[in-house]
Every structure is written in C-alpha cells, then in structure tokens.
Amino acid sequence: MELYDCIIVGGGPAGLNAAVVLGRCRRKVIVFDSATYRNQYSHGMHNYLTRDDILPADFIKLSLKEVHKYGVELIHRKITSARKNGQGTFDVKDDKGTIYHAILLSCH
Ligand SMILES: Cc1cc2nc3c(=O)[nH]c(=O)nc-3n(C[C@H](O)[C@H](O)[C@H](O)COP(=O)(O)OP(=O)(O)OC[C@H]3O[C@@H](n4cnc5c(N)ncnc54)[C@H](O)[C@@H]3O)c2cc1C
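These figures come from a predicted structure and were not determined experimentally.

1. Details of a nonpolar patch on the surface
Then, number 1: A contiguous nonpolar surface patch, about 430 Å² in accessible area, is contributed by Met 1, Leu 3, Ile 103 and Leu 105.
Then, number 2: By the element assignment, Leu 3 lies in strand β1 (residues 3–4).

2. A look at the sheet that holds strand β2 (residues 6–9)
Backbone-to-backbone hydrogen bonds join strands into a sheet, with any given pair of strands oriented parallel or antiparallel.
Then, number 1: Strand order in the open sheet made by the three strands is β2-β3-β4, with parallel pairing throughout. The outermost strands of the open sheet, each flanked by one partner alone, are β2 and β4 (73–75). For this sheet, the mean inter-axis angle between neighbouring strands, taken without regard to orientation, is 20°.
Then, number 2: Judged from the four bridges that link them, β2 and strand β3 (residues 29–32) form a sheet pairing that is parallel. Counterpart to Val 9 in the pairing with β3 is Phe 32.

3. Examining helix α1 (residues 13–24)
Then, number 1: Between the first and last C-alpha of α1 there are 16 Å, a value that for 12 residues agrees with the 16 Å anticipated at 1.5 Å per step.
Then, number 2: Taken residue by residue, α1 has Gly 15, Leu 16, Ala 19, Val 20 and Gly 23 as its buried positions. Along the axis of α1, the buried positions cluster into a sector of 140°, meaning they face one direction only. Of the exposed residues in α1, those oriented more than 90 degrees away from the buried face are Ala 14 and Arg 24.
Then, number 3: Residues of α1 that are buried make contact with β2, β3, α2 (56–69) and β4.
Then, number 4: Where α1 terminates, the next one or two residues include Arg 26, which has phi positive at roughly 60°.

The rules we used
Residues numbered from 1 in each chain as written. Predicted model: local features only at pLDDT ≥ 70, side-chain atom pairs only at ≥ 80, totals over all residues. Heavy atoms only, no water. Patch = residues over 30% accessible without salt bridge, like charges linked within 9 Å, V, L, I, M, F, W, Y side chains within 5 Å. Areas by Shrake-Rupley, 256 points an atom, 1.4 Å probe, with all protein chains shown as cover. Salt bridge = Lys/Arg side-chain N within 4 Å of Asp/Glu carboxyl O. Helix = DSSP H or I, 4+ residues; strand = E, 2+ residues; numbered from the N terminus. Pairing = 2+ DSSP bridges. Axes fitted to C-alpha atoms, helices over the stretch in contact; angles between N-to-C directions. Expected span 1.5 Å × (residues − 1). Buried < 20%, exposed > 50% of the residue type's maximum accessible area, 1.4 Å probe, protein only. Arc of directions from axis to C-beta. Contact = heavy atoms within 4.5 Å.

As structure tokens, this is what we get:
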C-alpha cells in the first residue's frame, strides 16, 4: 500500500503553496485537482507580490513548475470522499473509485 505524508485536495494557489512547503520539507505529497479555479475568468490577478496582473492560468503554470521541482505528484481528478480508517490512515477516494492513503497524524 502506497502511503503519503499528505494528500492535498485542490490544486489552486492555496493547495499548490501548501504542496511546495511540504515538498521542500521532503514530505511525500500528492495533490488532486479538478481544475475549476474560482478566479479562472479573471483578466489579471492582484495582491500576489511580484505577480501583479498575471493571468490565473499563467500563475498556475508557474506554480506547477515549483511544485514538480520538489517531487510533488499531481493528479487531475476529483476527490469524492475522505475519511479516517481504523488502521491509522486517512483515505480519500477519487471519482474513478481509486483509494489513496495518508498517514494519520494525531495532534496532542
Ligand atoms: C473573479 C475573481 C477574481 C479574483 N481575483 C483575485 C486577485 O486578483 N487576487 C487575489 O488574491 N485573489 C483573487 N480572487 C480570489 C482567488 O480566487 C483566490 O485568491 C485564489 O484563487 C484562491 O485559491 P484557492 O486555491 O483557495 O482556490 P481555487 O483557485 O478555487 O482552487 C481550488 C481548486 O480545488 C479544486 N477542487 C475543489 N474540490 C475538489 C475535490 N473534491 N477534488 C479535487 N479538486 C477539487 C477546484 O477544482 C480548484 O481547481 C479572485 C476570485 C474571483 C472569483
């Protein structure tokens, strides 16, 4: 069974930024993205330092280069369920029925 340190659902700016942070920390990370970004029809993004006016699609392209540089996997599929199981993993299922597992961390 392949076990990830982290499964990220959503490959927009938030998910990809989390993926870069964790990838740089040498975590085994996978991102699922159904690629319907909420700002995809915008003519230019603002308030991201050094990227004023950039098209959302160009921002994602640049971000993906950084994400791949740190060994993060990305799959363009929708996650349909996520749950803890009794064996110490967190399981997510994609829209084709494939199940992926991440280590379940407990916070004390
Ligand atoms: C018209 C418009 C203009 C905007 N302009 C700006 C701006 O100039 N500057 C700014 O800072 N912010 C702007 N925003 C806000 C902007 O959307 C956010 O800053 C940023 O895009 C949010 O990123 P996100 O990763 O949270 O979400 P999103 O970019 O929406 O990404 C979420 C991703 O998760 C995927 N997803 C969701 N559920 C699942 C699932 N179950 N399985 C797999 N994938 C899933 C979606 O398909 C999507 O690809 C704008 C928003 C809108 C609507």
